[in-house]
Amino acid sequence: MESLKKNAKSIFIMGILFLTEISAIIRANVLYNDDLGRNLEGYMGNAYDSRYISDWISILVNCNKHVSDVSPLTQILACLFLALSVIIVFKILGKSEKIGILPYVCGTIILSPYFLENITYKVDSVFMALSILAVIIPFLWMDSKYKYIAASVIGLLVMCMTYQASSGVYPMLVILIAFWNWNYGKNTLKESLIFVAKSAITYILTLAFFAVFLVKPIEEGYINNGVSFGNNIFAAVMHNYINIYMTIIADFMKWWNLLAILVAIAFVTVSVLSSQVKKIYAFIGAIVTGILLLLTAFGVYPLLDSTLIEPRSMYGFSILLFLISAIVVCYGQGTVGYISKGFVAIMAWCFFTFSFIYGNALSIQMDYVDFRTEEVIDDLTDLECYLQDGEKDILIKGSTGFAPSIENLPYDYVLIHKLVPNYLEEGTNEWSSYRFYNYYGLKDVKRVSDVSDEDGFELCHESSYHRILSKGNEIIVELK
């Protein structure tokens, strides 16, 4: 508590920066994917994938078992948890004096680009942010053997029962701290290796306990949480890693990829120049550390039979960039240090501005989807085929696509097209047309994914935006 009081101002400033970074998302006021179902039906629905603590927090935040839209409270709490995470990281990396402007700027890297999807969730964002904080807090006691182990076990279990995509944060911090304490002369190599071994055993045993006693099988179609130990496990894991990092390269703009490489080079350079051991050993140690960070950034996900490769599960890479940037910011000295810090500042600014582009794109897309949905409903509800008695089976075909201003973005805005949802289109995705069927008061309507026979449908209405066809109690809405 004393540490929190001393850093209260820093935590407040970092929290305000995060809130500023997501201000466009909050202003867009979008019910994002799962939020649609929870807001309408009030269910929690986290325990089914072993996130028991998430449901407990839902009850605490909503003061009820019925989940309601309490945003932006959840997103504010998420920003607070992220702010605490950033300040603790700087503290454990040795930044005990007053934090300057650049560390705050560096801290914003955690959120963008990948955690933007997580923070967009009105319900889940608070759990996702807590999962990061839970595995960072134990390092406050890393100099105390038993307190550190106890805190690690608790923190790792909290992470597992909130959002398991944060499973890479703990091992990344262990590796970075072990390397830096040796490199900076605080620990001997033996002491650093003992710290790694102690942490690794704690990590493996805690996750094994969770897997054996607490994990529930994930529903089919989401993610396979099984682990294969057959003859092809190495090939399967390598395949997952290749998919993950090829996706990151494709998601990032060319400029972002270049900056990430420059920051990685800056990390190695600062490590060597700041080293209290032989420079060649420092260079090798920094390279090995970088490779290990790349391998652990996504925790256990690459080990799964069929891992989840979506922005919301890939923020481990954003945290990796933040961690190596934090070393550059804390220990970069002289001309090389200033140049290295410049790379960090530019990368942070690129990600910071991207947050606003994304938030505003969300707003534009929702306006467009609302307009297209209203066009369909206005035409549909006037038709005789809809006004007839009995339940109507309605099939959505085609898609509204993206709003013109989003569609016209340059080709390298890959993540915008991944992150911005389309809520009026065909497909088996649960949320692709959930709003249409459930949020506009349509009576006696059933969502269907196909019709028995498309022959014999008659055209009831056609406009510039859609066609409506019907046969008996079946209706097809074809979007143009």
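Preceding this section is the structure that the text describes.
Residues numbered from 1 in each chain as written. Predicted model: local features only at pLDDT ≥ 70, side-chain atom pairs only at ≥ 80, totals over all residues. Heavy atoms only, no water.

(A) Focus on the pattern of salt bridges. What the rule picks out here adds up to 9 salt bridges. Here Arg38 and Asp124 are joined by a salt bridge, their closest N and O atoms 2.3 Å apart. Remark: Asp124 occurs in the loop between α8 (115-120) and α9 (125-136) and Arg38 occurs in helix α4 (residues 34-41); sequence separation between them is 86 residues. Here Arg38 matches Asp124 in class, with each residue buried. For Lys122, the salt bridge is made with Asp69, and the minimal N-O distance between the two is 3.1 Å. Of this pair, Lys122 sits in the loop between α8 and α9 while Asp69 sits in the loop between α5 (52-62) and α6 (73-92), and the two are 53 residues apart along the sequence. Note on Lys122: relative accessible area 5%, which makes it buried. Three or more residues are tied together by salt bridges with common partners; here these are Glu462, Arg467, Glu478 and Lys480. (Salt bridge = Lys/Arg side-chain N within 4 Å of Asp/Glu carboxyl O. Helix = DSSP H or I, 4+ residues; strand = E, 2+ residues; numbered from the N terminus. Buried < 20%, exposed > 50% of the residue type's maximum accessible area, 1.4 Å probe, protein only.)

(B) Looking closely at the packing of aromatic side chains. According to the stated counting rule, one finds 30 aromatic pairs in the structure shown. Here the aromatic rings of Phe179 and Trp180 are separated by 6.0 Å at their centres, their planes lie at 65 degrees, and the arrangement is edge-to-face. Accessibility classification places Phe179 together with Trp180 in one group, the buried group. With a centroid separation of 6.1 Å and 75 degrees between ring planes, the pair formed by Tyr245 and Phe317 is classed as edge-to-face. Pair noted here: Tyr245 is in helix α13 (residues 233-251) and Phe317 is in helix α16 (residues 316-331), with a separation of 72 residues, a long-range link. For the pair Tyr245 and Phe317, one class covers both residues: buried. Cluster of aromatic residues (ring-pair linked, three or more members): Tyr114, Tyr245, Phe252, Trp256, Phe298, Phe317, Phe351 and Phe354. For Lys392, the ring lying beneath its charged end belongs to Tyr386, and the centroid distance is 5.1 Å. (Phe/Tyr/Trp six-rings, centres within 6.5 Å; stacked < 30°, edge-to-face > 60°. Lys NZ or Arg CZ within 6 Å of the ring centre and 35° of its normal.)

(C) Geometry of a nonpolar patch on the surface. Residues Ile280, Tyr281, Phe283, Ile284, Ile287, Val288, Ile291, Leu292 and Leu295 make up a contiguous nonpolar surface patch of about 790 Å² in total accessible area. Here Ile287 shows up in helix α15 (residues 279-296). Take Ile287: its relative accessible area is 35%, and that puts it in the partly exposed class. (Patch = residues over 30% accessible without salt bridge, like charges linked within 9 Å, V, L, I, M, F, W, Y side chains within 5 Å. Areas by Shrake-Rupley, 256 points an atom, 1.4 Å probe, with all protein chains shown as cover.)

(D) Focus on the packing of α6 against α9. Viewed as axis vectors pointing N to C, α6 and α9 meet at an angle of 15 degrees, and their least axial separation amounts to 8 Å. Comparing the axis directions of α6 and α9 gives the class roughly parallel. In this structure, α6 meets α9 at a crossing whose hand is left-handed. Contact residues: Thr74, Gln75, Leu77, Ala78, Phe81, Leu82, Leu84, Ser85, Ile88 and Val89 in α6; Ser125, Val126, Ala129, Leu130, Ile132, Leu133 and Ile136 in α9. Of the residues belonging to the contact of α6 with α9, the class tally is 13 nonpolar, 4 polar and no charged. (Axes fitted to C-alpha atoms, helices over the stretch in contact; angles between N-to-C directions. Parallel < 35°, antiparallel > 145°, perpendicular 65-115°, else oblique. Left-handed = near helix turned anticlockwise from the far one by under 90°. Contact = heavy atoms within 4.5 Å. Nonpolar A, V, L, I, M, F, W, Y, C, P; charged D, E, K, R; others polar.)

(E) Representation of the state of the cysteines within the structure. Under the counting rule described, the total for this entry stands at 0 disulfides. Summary of cysteine pairing: Cys106 is not part of a disulfide, and the nearest cysteine sulfur, belonging to Cys330, is at 7.6 Å. Taking the relative accessible area as the measure of exposure, Cys330 reaches 13% and is therefore buried. (Disulfide = S-S within 2.5 Å.)

(F) The side chain of Thr74, seen in detail. As for its placement among the helices and strands, Thr74 is situated in helix α6. Here Thr74 falls in the buried class, since its relative accessible area comes to 4%. Those residues in contact with Thr74 that sit more than four places away from it in its chain are Val61, Lys122, Val123, Ser125 and Val126.

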